[in-house]
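What follows is the residue order along each chain.
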Amino acid sequence: MEIIEVSREEAVRSIQEAIIKKGSVLGGGILKVDSFLNHQIDPRLIKTAGNLICDTFKDAEITKVLTVESSGIAPALATAECMGVPLLFARKRKPITMKRYITETAPSHTKGGIVELNVSLEFLGESDRVLIVDDFLASGQTIAALGRLVQKTGAKLCGFAAVIEKTFEEGRNLLEEFGVPVLGLVRISSLEPLRFED
């Protein structure tokens, strides 16, 4: 397979075009992109997103990429693969095999109600430098909960990244309180009409 190098601008534009062609607005601030991002996965687009995130944080000496199951796994895995580090994802239901763990909770906009996030202390600790990656940054509640999990372990939180950021929900403000970089690859300022930020 031929590998084609593209600029950052071209890569971001390819994600924007997928949103325009394949996404749909359901109302209530919900953007449905499950045909390519968080149910059915477009591998090339996810690899593009992972490479962009990886490039942005290439000097941060990341040792772990952290996300939450399940829709964050694809972009986080692409990022981790590019960085050459493990991917760790928070479990919403604690399996019986998880003995030493930490838990945080967060309200879920798409699921409704409160979600529980569990991470095994076997895989996250003081020696780690962590990048949190998710498919969406909206209110920031779930991603912030992951940030609190990282802090509880004594690991170093190095940044947050999302494939799509809905800037009108102002989740970035919540994440900026952690004092680390926040990256939204494609930033959407309005859904109706659909409008992208530069």
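A. Seen up close, the state of the cysteines. According to the stated counting rule, one finds one disulfide in the structure shown. The residue that forms a disulfide with C54 is C82, at a sulfur-sulfur distance of 2.5 Å. Residues C54 and C82 are joined through a disulfide that is left-handed, its torsion about the S-S bond being -75 degrees. Taken together, the positions of C54 in helix α2 (residues 43-56) and C82 in helix α3 (residues 73-83) put the pair 28 residues apart, joining distant regions of the chain.

B. Representation of the packing of α2 against α3. The N-to-C vectors of α2 and α3 enclose an angle of 55 degrees; their axes lie 8 Å apart at closest approach. As judged from the angle between their axes, α2 and α3 are oblique. By crossing handedness, the relation of α2 to α3 is classed as right-handed. Between α2 and α3, the contacting residues are I46, K47, G50, N51, I53 and C54 on the first element and A74, P75, A78, T79, E81, C82 and M83 on the second. When its residues are assigned to classes, the contact of α2 with α3 shows eight nonpolar, three polar and two charged.

Definitions and cut-offs
Residues numbered from 1 in each chain as written. Predicted model: local features only at pLDDT ≥ 70, side-chain atom pairs only at ≥ 80, totals over all residues. Heavy atoms only, no water. Disulfide = S-S within 2.5 Å. Helix = DSSP H or I, 4+ residues; strand = E, 2+ residues; numbered from the N terminus. Axes fitted to C-alpha atoms, helices over the stretch in contact; angles between N-to-C directions. Parallel < 35°, antiparallel > 145°, perpendicular 65-115°, else oblique. Left-handed = near helix turned anticlockwise from the far one by under 90°. Contact = heavy atoms within 4.5 Å. Nonpolar A, V, L, I, M, F, W, Y, C, P; charged D, E, K, R; others polar.

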